Amino acid sequence: MTPVRILLADDHALVRRGVRLILDNEPDLTVVGEAGDGAEAISMARAERPDLAILDIAMPRLTGLQAARELSRLMPDLRILILTMYDNEQYFFEALKAGASGYVLKSVADRDLVEACRAAIRGEPFLYPGAVASLIRNYLDRVRDGESIPAKAITDREEEILKLVAEGNSSKEIADLLFISVKTVERHRANLLQKLGLKDRLELTRYAIRAGLIEP
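- Naming follows an unreviewed UniProt entry, where the chain appears as Response regulator transcription factor of Umezawaea endophytica.

Below you can see the structure in the form of C-alpha coordinates.
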(Lines give C-alpha, C1' and ligand atoms only; values in the text may rest on other atoms or scores of the structure.)
Protein backbone atom coordinates (compact mmCIF):
# COMPACT_ATOMS: atom_id res chain seq x y z
CA MET A 1 0.00 0.00 0.00
CA THR A 2 1.30 3.45 -0.92
CA PRO A 3 1.93 5.52 2.24
CA VAL A 4 -0.21 8.60 2.85
CA ARG A 5 1.81 11.66 1.78
CA ILE A 6 1.77 14.36 4.46
CA LEU A 7 2.69 18.05 4.50
CA LEU A 8 3.58 19.39 7.95
CA ALA A 9 3.39 23.12 8.76
CA ASP A 10 4.53 24.64 12.06
CA ASP A 11 6.76 27.65 12.72
CA HIS A 12 8.78 25.78 15.36
CA ALA A 13 11.38 23.40 13.92
CA LEU A 14 11.49 21.37 17.15
CA VAL A 15 7.75 20.75 16.99
CA ARG A 16 8.02 19.69 13.34
CA ARG A 17 10.83 17.30 14.24
CA GLY A 18 8.82 15.72 17.06
CA VAL A 19 5.69 15.34 14.93
CA ARG A 20 7.72 13.92 12.07
CA LEU A 21 9.19 11.28 14.39
CA ILE A 22 5.66 10.20 15.35
CA LEU A 23 4.47 10.02 11.74
CA ASP A 24 7.54 8.49 10.08
CA ASN A 25 7.39 5.66 12.59
CA GLU A 26 4.20 4.45 10.90
CA PRO A 27 4.58 2.41 7.68
CA ASP A 28 1.40 3.86 6.14
CA LEU A 29 2.36 7.53 6.73
CA THR A 30 5.22 9.58 5.29
CA VAL A 31 6.09 13.29 5.58
CA VAL A 32 6.93 14.69 2.12
CA GLY A 33 7.39 18.34 3.08
CA GLU A 34 7.74 20.78 5.96
CA ALA A 35 6.72 24.45 6.01
CA GLY A 36 7.44 27.16 8.57
CA ASP A 37 4.37 29.32 7.91
CA GLY A 38 0.96 29.25 6.23
CA ALA A 39 2.05 30.87 2.97
CA GLU A 40 4.91 28.40 2.56
CA ALA A 41 2.47 25.56 3.31
CA ILE A 42 0.24 26.64 0.41
CA SER A 43 3.20 26.92 -1.96
CA MET A 44 4.57 23.52 -0.90
CA ALA A 45 1.15 21.84 -1.16
CA ARG A 46 0.82 23.05 -4.74
CA ALA A 47 4.25 21.64 -5.57
CA GLU A 48 4.11 18.34 -3.65
CA ARG A 49 0.36 17.54 -3.97
CA PRO A 50 0.17 15.74 -0.58
CA ASP A 51 -2.82 13.67 0.54
CA LEU A 52 -2.96 15.35 3.94
CA ALA A 53 -1.85 18.69 5.40
CA ILE A 54 -1.23 19.07 9.14
CA LEU A 55 -1.30 22.76 10.08
CA ASP A 56 -0.46 24.65 13.27
CA ILE A 57 -2.76 27.64 13.96
CA ALA A 58 -0.37 30.39 15.10
CA MET A 59 2.15 30.89 12.27
CA PRO A 60 3.67 33.96 10.57
CA ARG A 61 2.35 35.47 7.32
CA LEU A 62 -0.74 33.22 7.12
CA THR A 63 -2.22 31.34 10.08
CA GLY A 64 -3.07 27.67 9.78
CA LEU A 65 -6.77 28.59 9.57
CA GLN A 66 -6.13 31.04 6.73
CA ALA A 67 -3.97 28.45 4.94
CA ALA A 68 -6.68 25.80 5.45
CA ARG A 69 -9.29 28.04 3.80
CA GLU A 70 -7.04 28.65 0.80
CA LEU A 71 -5.98 24.99 0.49
CA SER A 72 -9.62 23.85 0.66
CA ARG A 73 -10.35 26.20 -2.24
CA LEU A 74 -7.29 25.27 -4.32
CA MET A 75 -7.23 21.52 -3.58
CA PRO A 76 -10.71 20.29 -2.58
CA ASP A 77 -9.52 16.67 -2.25
CA LEU A 78 -6.75 17.52 0.21
CA ARG A 79 -7.47 16.38 3.78
CA ILE A 80 -6.55 18.90 6.49
CA LEU A 81 -5.83 18.46 10.20
CA ILE A 82 -5.26 21.29 12.65
CA LEU A 83 -2.56 20.50 15.23
CA THR A 84 -2.54 23.13 17.95
CA MET A 85 -1.91 23.95 21.59
CA TYR A 86 -5.22 25.89 21.71
CA ASP A 87 -8.03 24.06 23.50
CA ASN A 88 -10.35 26.81 22.35
CA GLU A 89 -13.94 26.57 21.08
CA GLN A 90 -13.62 29.56 18.75
CA TYR A 91 -10.57 28.11 16.98
CA PHE A 92 -12.23 24.71 16.85
CA PHE A 93 -15.32 26.05 15.04
CA GLU A 94 -13.16 28.23 12.76
CA ALA A 95 -11.12 25.13 11.83
CA LEU A 96 -14.24 23.19 10.85
CA LYS A 97 -15.48 26.18 8.86
CA ALA A 98 -12.09 26.46 7.11
CA GLY A 99 -12.37 22.88 5.84
CA ALA A 100 -10.37 20.92 8.42
CA SER A 101 -11.57 17.39 9.08
CA GLY A 102 -9.81 17.09 12.43
CA TYR A 103 -8.53 19.11 15.39
CA VAL A 104 -5.72 17.61 17.48
CA LEU A 105 -4.11 19.09 20.59
CA LYS A 106 -0.30 19.13 20.68
CA SER A 107 -0.37 18.04 24.32
CA VAL A 108 -1.75 14.64 23.27
CA ALA A 109 -0.30 14.41 19.75
CA ASP A 110 1.65 11.27 20.60
CA ARG A 111 -1.66 9.60 21.50
CA ASP A 112 -4.07 11.07 18.93
CA LEU A 113 -2.21 12.25 15.83
CA VAL A 114 -1.72 8.93 14.01
CA GLU A 115 -5.35 7.96 14.57
CA ALA A 116 -6.44 11.43 13.38
CA CYS A 117 -4.40 11.08 10.17
CA ARG A 118 -5.95 7.71 9.36
CA ALA A 119 -9.45 8.99 10.12
CA ALA A 120 -8.95 12.02 7.85
CA ILE A 121 -7.80 9.83 4.94
CA ARG A 122 -10.88 7.63 5.43
CA GLY A 123 -12.98 10.77 5.14
CA GLU A 124 -14.00 10.67 8.80
CA PRO A 125 -13.81 13.60 11.25
CA PHE A 126 -11.45 13.41 14.22
CA LEU A 127 -12.29 15.48 17.29
CA TYR A 128 -10.66 15.29 20.71
CA PRO A 129 -13.14 14.64 23.58
CA GLY A 130 -13.32 18.27 24.71
CA ALA A 131 -14.17 19.37 21.17
CA VAL A 132 -17.00 16.85 20.95
CA ALA A 133 -18.44 18.26 24.18
CA SER A 134 -18.12 21.81 22.79
CA LEU A 135 -19.85 20.82 19.56
CA ILE A 136 -22.79 19.21 21.36
CA ARG A 137 -23.09 22.09 23.84
CA ASN A 138 -22.96 24.67 21.05
CA TYR A 139 -25.59 22.82 19.03
CA LEU A 140 -27.93 22.50 22.02
CA ASP A 141 -27.51 26.20 22.90
CA ARG A 142 -28.28 27.21 19.32
CA VAL A 143 -31.37 25.00 19.18
CA ARG A 144 -32.59 26.43 22.48
CA ASP A 145 -31.96 30.05 21.49
CA GLY A 146 -32.87 29.71 17.81
CA GLU A 147 -29.50 31.20 16.84
CA SER A 148 -26.70 30.42 14.44
CA ILE A 149 -22.96 30.88 14.98
CA PRO A 150 -22.37 34.65 14.77
CA ALA A 151 -20.67 35.91 11.63
CA LYS A 152 -17.15 37.29 11.93
CA ALA A 153 -16.82 41.08 11.99
CA ILE A 154 -14.39 41.03 9.05
CA THR A 155 -14.01 39.01 5.85
CA ASP A 156 -11.38 36.28 5.36
CA ARG A 157 -9.38 38.58 3.04
CA GLU A 158 -9.52 41.44 5.55
CA GLU A 159 -8.31 39.03 8.24
CA GLU A 160 -5.32 38.06 6.06
CA ILE A 161 -4.45 41.72 5.53
CA LEU A 162 -4.93 42.55 9.21
CA LYS A 163 -2.44 39.83 10.20
CA LEU A 164 0.16 40.96 7.65
CA VAL A 165 -0.20 44.66 8.61
CA ALA A 166 0.16 43.74 12.29
CA GLU A 167 3.33 41.77 11.48
CA GLY A 168 4.84 44.97 10.06
CA ASN A 169 4.57 44.28 6.33
CA SER A 170 4.28 47.23 3.95
CA SER A 171 1.35 47.55 1.52
CA LYS A 172 3.70 46.57 -1.33
CA GLU A 173 4.88 43.44 0.53
CA ILE A 174 1.28 42.46 1.31
CA ALA A 175 0.22 43.02 -2.30
CA ASP A 176 3.08 40.81 -3.56
CA LEU A 177 2.29 38.03 -1.08
CA LEU A 178 -1.46 37.95 -1.79
CA PHE A 179 -1.16 38.65 -5.56
CA ILE A 180 -3.33 41.78 -5.39
CA SER A 181 -2.66 45.46 -6.12
CA VAL A 182 -1.33 47.96 -3.58
CA LYS A 183 -4.53 49.97 -4.10
CA THR A 184 -6.62 46.92 -3.11
CA VAL A 185 -4.50 46.45 0.03
CA GLU A 186 -5.03 50.11 0.99
CA ARG A 187 -8.79 49.78 0.42
CA HIS A 188 -8.99 46.69 2.65
CA ARG A 189 -6.92 48.46 5.30
CA ALA A 190 -9.25 51.47 5.26
CA ASN A 191 -12.26 49.14 5.52
CA LEU A 192 -10.66 47.39 8.51
CA LEU A 193 -10.10 50.66 10.38
CA GLN A 194 -13.68 51.76 9.70
CA LYS A 195 -15.33 48.39 10.55
CA LEU A 196 -13.35 47.88 13.75
CA GLY A 197 -13.45 51.53 14.84
CA LEU A 198 -9.64 51.77 14.97
CA LYS A 199 -7.32 54.66 14.15
CA ASP A 200 -3.93 53.32 13.03
CA ARG A 201 -1.52 50.40 12.60
CA LEU A 202 -0.80 50.22 16.35
CA GLU A 203 -4.48 49.71 17.17
CA LEU A 204 -4.76 47.14 14.34
CA THR A 205 -1.81 45.27 15.87
CA ARG A 206 -3.42 45.26 19.32
CA TYR A 207 -6.66 43.95 17.80
CA ALA A 208 -4.76 41.21 15.91
CA ILE A 209 -3.13 40.07 19.18
CA ARG A 210 -6.51 39.96 20.97
CA ALA A 211 -7.99 38.00 18.04
CA GLY A 212 -5.16 35.46 18.23
CA LEU A 213 -3.85 36.25 14.73
CA ILE A 214 -0.37 37.10 16.00
CA GLU A 215 1.48 36.37 19.21
CA PRO A 216 2.42 39.33 21.46
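Resuming the write-up.
1. Here's the deal with the nonpolar core
- Formed by 29 residues in total, the largest nonpolar core has its most connected members in Leu 55, Leu 71, Ile 80, Ile 82 and Tyr 103.
- The set of elements that each furnish at least two residues to this core consists of strand E1 (4–9), helix H2 (38–48), strand E3 (52–55), helix H3 (64–74), strand E4 (79–84), helix H4 (89–98) and strand E5 (102–105).
- Dropping the residues within four chain positions of it, Ile 82 is found in contact with Leu 55, Ile 57, Gly 64, Leu 65, Ala 95, Ala 100, Gly 102, Tyr 103 and Val 104.
- Val 31, Leu 81, Leu 83 and Leu 113 belong to the second largest nonpolar core, which has 20 residues in total.

2. Quick look at the pattern of salt bridges
- Here the structure, examined in full by the defined rule, presents 19 salt bridges.
- Between Arg 20 and Asp 24 there is a salt bridge, with its nearest N and O atoms 3.1 Å apart. Separated by four residues within a single helix, Arg 20 and Asp 24 lie in helix H1 (residues 13–24), roughly one turn from each other.
- Close ionic contact of Glu 94 with Arg 69 constitutes a salt bridge, the shortest N to O distance being 3.8 Å. With Glu 94 in helix H4 and Arg 69 in helix H3, this pair connects stretches of sequence that are 25 residues apart.

3. Observations regarding unusual backbone geometry
- Residues other than glycine seldom take positive phi values, yet Arg 61 does so here, at roughly 60 degrees.
- Tracing the backbone shows Arg 61 in the loop between E3 and H3.
- We classify Arg 61 as partly exposed; its relative accessible area is 32%.
- Non-glycine residue Phe 179 carries a positive phi angle of around 60 degrees.

The rules we used
- Residues numbered from 1 in each chain as written.
- Predicted model: local features only at pLDDT ≥ 70, side-chain atom pairs only at ≥ 80, totals over all residues.
- Heavy atoms only, no water.
- Core = buried A, V, L, I, M, F, W, Y, C linked by side-chain atoms within 4.5 Å.
- Buried < 20%, exposed > 50% of the residue type's maximum accessible area, 1.4 Å probe, protein only.
- Helix = DSSP H or I, 4+ residues; strand = E, 2+ residues; numbered from the N terminus.
- Contact = heavy atoms within 4.5 Å.
- Salt bridge = Lys/Arg side-chain N within 4 Å of Asp/Glu carboxyl O.

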